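Commentary on secondary and tertiary structure
Here are the chains, one letter per residue:
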Amino acid sequence: MKKYVFETRMEVRDYECDIEGIVNNANYLHYIEHTRHRFLKTTGLSFAEMHSRGIDAVVARMKMQFKIPLRCDDEFISCLNLRKEGIRYVFDQDIYRASDQRLCFRAQVELVCLVNGRLSSSEEYDRAFEPYLRGEE
């Protein structure tokens, strides 16, 4: 595994699997969203609190690659790196099966901020993400 600014472990639950016994593809979106929310907490920001102040980070674009499937009870490591391109925050997110560290899923997620419903930059997000954007973790 390469180096990431944030990693978290999770486990596949049985109801997340389809009839083939593998994780349904939509659940990977839940996994990476939950990872971004956990990361946000480590920066001192709360997604819900930011929303209550009229600042919403929303997904603008997503590119996904499914590599090998996760199965029921698999433990996995969800990882992310972060960069900023203009007003977009770009999260490079990977999911590895913990047992053998094989890459299962890869995504590039672009977020933008809406401040009171208008596309804008957010000083709060910029400040919170600054150490990670510089690689100072």
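Above this text sits the structure in question.
Overview of the structure. (Residues numbered from 1 in each chain as written. Predicted model: local features only at pLDDT ≥ 70, side-chain atom pairs only at ≥ 80, totals over all residues. Heavy atoms only, no water.)

Focus: the overall build of the chain
To keep it simple, the criterion reads: Helix and strand assignments follow DSSP, with helices taken as H or I runs no shorter than four residues and strands as E runs no shorter than two, numbered in order from the N terminus. Whether two residues are in contact is decided by their heavy atoms, any of which lying within 4.5 Å being enough. Using a 1.4 Å probe, the Shrake-Rupley method yields the accessible areas, and only the shown protein chains count as cover for residues. Neither His nor the chain ends contribute to the count of charged residues, in which Lys and Arg are positive and Asp and Glu negative. We put the charge of a Lys on NZ, of an Arg on CZ, of an Asp on CG and of a Glu on CD.
When its secondary structure is counted, the chain shows three helices and six strands. Listing the helices and strands of the chain from first to last along the sequence gives β-α-α-β-β-β-β-β-α. In terms of overall dimensions, the chain has a C-alpha envelope of 45 × 30 × 25 Å along the principal axes. The contacts of the chain with a sequence gap of at least 6 include a subset with a gap of at least 24, amounting to 68%. If you sum the accessible surface of the chain, you get close to 7800 Å²; carbon and sulfur atoms cover 47% of it. Of the charged side chains in the chain, 21 are positive and 23 negative, and the gap between their average positions amounts to 4 Å.

Some thoughts on the nonpolar core
General note: in soluble globular proteins, nonpolar side chains tend to be found buried as a group. For the record, the criterion: The criterion is simple. A nonpolar core is a set of buried Ala, Val, Leu, Ile, Met, Phe, Trp, Tyr and Cys residues joined through side-chain atoms within 4.5 Å. Partly exposed residues are those whose accessible area sits between 20% and 50% of the maximum for their type, while under 20% is buried and over 50% is exposed, using a 1.4 Å probe and protein chains only.
Counting residues in each nonpolar core, the largest one holds 33 residues, and the members touching the most others are Tyr-31, Phe-39, Leu-70, Phe-91, Ile-95, Tyr-125 and Phe-129. Contributions of two or more residues to this core are made by strand S1 (6-11), helix H1 (25-42), strand S2 (55-66), strand S3 (75-85), strand S4 (88-97), strand S5 (103-115) and helix H3 (123-133). Top contributing element to this core by residue count: S5, with six residues. Every residue in contact with Leu-70, bar those within four places of it in the chain, is listed here: Val-12, Ile-22, Val-23, Tyr-28, Tyr-31, Phe-76, Ile-95, Arg-97 and Cys-104. The next biggest cluster of nonpolar side chains, apart from the first, holds five residues, and it includes Tyr-4, Ile-77, Cys-79 and Tyr-96.

Focus: the environment of Glu-11
Position of Glu-11 relative to the elements: it lies in strand S1. Residue classification places Glu-11 among the partly exposed positions, given a relative accessible area of 44%. Measuring from C-alpha to C-alpha, the distance between Glu-11 and Asp-74 comes to 5.7 Å, with 63 residues separating the pair along the chain. Non-local contacts of Glu-11, meaning those with residues more than four positions away in its chain, are made with Glu-16, Asp-73, Asp-74, Glu-75 and Phe-76.

Overview of the pairing of S5
Condition: Strands are labelled as partners when DSSP assigns at least two bridges between them.
Here S2 runs beside S5; their pairing, made up of 11 bridges, is antiparallel. Across the sheet, the residue bridging to Gln-65 is Arg-106, located in S5. Pairing of S4 with S5, which is carried by eight bridges, proceeds in the antiparallel orientation. Paired with Phe-91 across the bridge in S5 is Val-109. Across three bridges, the pairing between S5 and strand S6 (residues 118-120) is antiparallel. Across the sheet, Leu-114 pairs through a bridge with Leu-119, a residue of S6. Turn length for the S5-S6 hairpin, with the two strands adjacent in sequence and antiparallel, is two residues, and the turn residue Asn-116 shows positive phi of about 50°.

Purely geometric stuff here, so don't read any function into it on its own.
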